[in-house]
Amino acid sequence: MDKETKHPYLSWDEQIQHLETNKKLIIPDKKFAKLALQTFSYYSIVNGYKDLFLLQKNTSSTDEQFIDGTTFDMLYQVHWIDLTLNNLILKYVLTVEKNLKSVLADRVANSFSIYEKRYLDAKCYSDNQKWKLSSLKKEIEKIQESDESVKHYKETENNVPPWIYTNALTLGTTINWYSILQLPHKNLIINEFLGNIPMNDENKRDLFKRILKQIHQFRNSAAHGNRLFHFKVTEDAKQHISFIKKLDLIPYFTDKRNNIVGTDNLYTVLFSILWIINDPYVSLNFLNDLYNFLNQYSLKSFDFVGKNIYDLLELDTNFFNRLTNFYDHKFKNNLSEKLILN
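To keep things clear, this report deals only with the structure shown in the data block. Nothing here was measured: the structure is a model prediction, and the numbers come from that model.

Turning next to the packing of aromatic side chains. By the definition in use, this model includes 25 aromatic pairs. The interplanar angle of 80 degrees and the centroid separation of 6.4 Å between the aromatic rings of Phe32 and Phe72 together place this pair among those described as edge-to-face. Here Phe32, found in helix α2 (residues 30-40), pairs with Phe72, found in helix α4 (residues 72-111); they are 40 residues apart in sequence, far enough to count as distant. On the accessibility criterion, Phe72 (1% relative accessible area) is buried. Between Tyr267 and Phe271, the ring centres sit 6.2 Å apart and the planes meet at 35 degrees, which makes this aromatic pair tilted. Of this pair, Tyr267 and Phe271 are both found in helix α13 (residues 266-276), four residues apart, which corresponds to roughly one turn of the helix. Grouping aromatic residues by their ring pairs yields a cluster made of Tyr252, Phe253, Tyr267, Phe271, Trp275, Tyr310, Phe319 and Phe326. For Lys186, the ring lying beneath its charged end belongs to Tyr178, and the centroid distance is 5.6 Å.

Quick look at unusual backbone geometry now. The phi torsion at Asn158 lies on the positive side, around 55 degrees, for a residue other than glycine. Residue Asn158 is classed as exposed on the basis of its relative accessible area of 59%. Unusually for a residue other than glycine, Lys332 sits at a positive phi of about 55 degrees. Following the sequence through the fold, Lys332 ends up in the segment after α16 (319-331). Exposure remark for Lys332: the relative accessible area of 69% places this residue in the exposed category.

What follows covers the nonpolar core. Core analysis: the biggest nonpolar cluster contains 106 residues, and Ile89, Trp177, Leu194, Phe218, Ile273 and Trp275 have the highest contact counts within it. Non-local contacts of Phe218, meaning those with residues more than four positions away in its chain, are made with Asn86, Ile89, Leu90, Val93, Leu228, Phe231, Leu266 and Val269.

Structurally, Phe304 can be placed in the loop between α14 (280-297) and α15 (309-313). Note on Phe304: relative accessible area 0%, which makes it buried. With 229 residues separating them in the primary sequence, Phe304 and Leu75 have C-alpha atoms 8.7 Å apart. Those residues in contact with Phe304 that lie beyond four places of it in its chain are Phe53, Met74, Gln77, Val78, Ile81 and Leu312.

To continue, consider the packing of α4 against helix α11 (residues 201-223). The axes of two packed helices give the description: the angle between them and the distance between them. Put simply, α4 and α11 touch, their axes get as near as 10 Å, and they point 130 degrees apart. Classified by the angle their axes make, α4 and α11 are oblique. As α4 packs across α11, the resulting crossing turns out to be left-handed. Together, Asn86, Ile89, Leu90, Val93, Leu94, Val96, Glu97 and Leu100 of α4 and Phe208, Leu212, Ile215, Phe218, Arg219 and Ala222 of α11 make up the contact between the two elements. Classifying every residue of the contact of α4 with α11 gives 11 nonpolar, one polar and two charged.

What counts and what doesn't
Residues numbered from 1 in each chain as written. Predicted model: local features only at pLDDT ≥ 70, side-chain atom pairs only at ≥ 80, totals over all residues. Heavy atoms only, no water. Phe/Tyr/Trp six-rings, centres within 6.5 Å; stacked < 30°, edge-to-face > 60°. Helix = DSSP H or I, 4+ residues; strand = E, 2+ residues; numbered from the N terminus. Buried < 20%, exposed > 50% of the residue type's maximum accessible area, 1.4 Å probe, protein only. Lys NZ or Arg CZ within 6 Å of the ring centre and 35° of its normal. Core = buried A, V, L, I, M, F, W, Y, C linked by side-chain atoms within 4.5 Å. Contact = heavy atoms within 4.5 Å. Axes fitted to C-alpha atoms, helices over the stretch in contact; angles between N-to-C directions. Parallel < 35°, antiparallel > 145°, perpendicular 65-115°, else oblique. Left-handed = near helix turned anticlockwise from the far one by under 90°. Nonpolar A, V, L, I, M, F, W, Y, C, P; charged D, E, K, R; others polar.

Written out as structure tokens, the structure is:
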């Protein structure tokens, strides 16, 4: 006999009735709610964002009720806002990913060879990272069977240059490839992204490692459909305050109350993307996209039972202005005078 489940099958109409009757959720347009549940599912819309609107978060799922005034439309809007911002940021994370792959492939070819038997030789890499080299070679063996460009080079030239492999590898594997390089080669790659910053090489490597971890963690989160609200990076990826101070970046991590903020949440990812994208056109588009997003969803009409878009994202209202100020500092521009969010 099957064990009784706490989550029995409910039709879309029954799901709507359950939300209204048991969860006290206001559903102004049942036809729209049914279509939304058919399109995205109860789990994605309701379970994915309900904790932002629950009366008591420590109750069991059977006793959960929404804050008075919470509507289905609010859940749907928050779900859509999250999807929109996730995709917006992901576009620029992919730009960073392509940039890293390009710079890594160039360094490998320049320092070692374009022939894989030479550039995958263990003597080219750090002695204490041999297991990562073995892991890299296993990933390369996989894409030799699955990637069309790699197969083409193997079949026609019996050799795959590093820029073809990096293009086919995941971001995680690309970062591992970077991590097994010897220190002089790592330093050259870091300088391509961060320039001649006033830090010793060891701290530079730590800083760049944290930046890559932040971006990789966001990439993984976005790829698995995880939401941005309450997004946090791990302790070993958070922005180190001593580095921020050393590089005179404190103003870009200080809110209106003079508190240091954004070292471990979504802001640090946004800042890191802007920091290591050195193409001013791409950076400007990144800020323009963010500006248009915030301009749309920070309107007073988007009220979520007393919360606004900044509350949901756990970002202070001045974060965008700090990003534009950093852009101006980096590219010697005056964008902060043009893109102002009140």
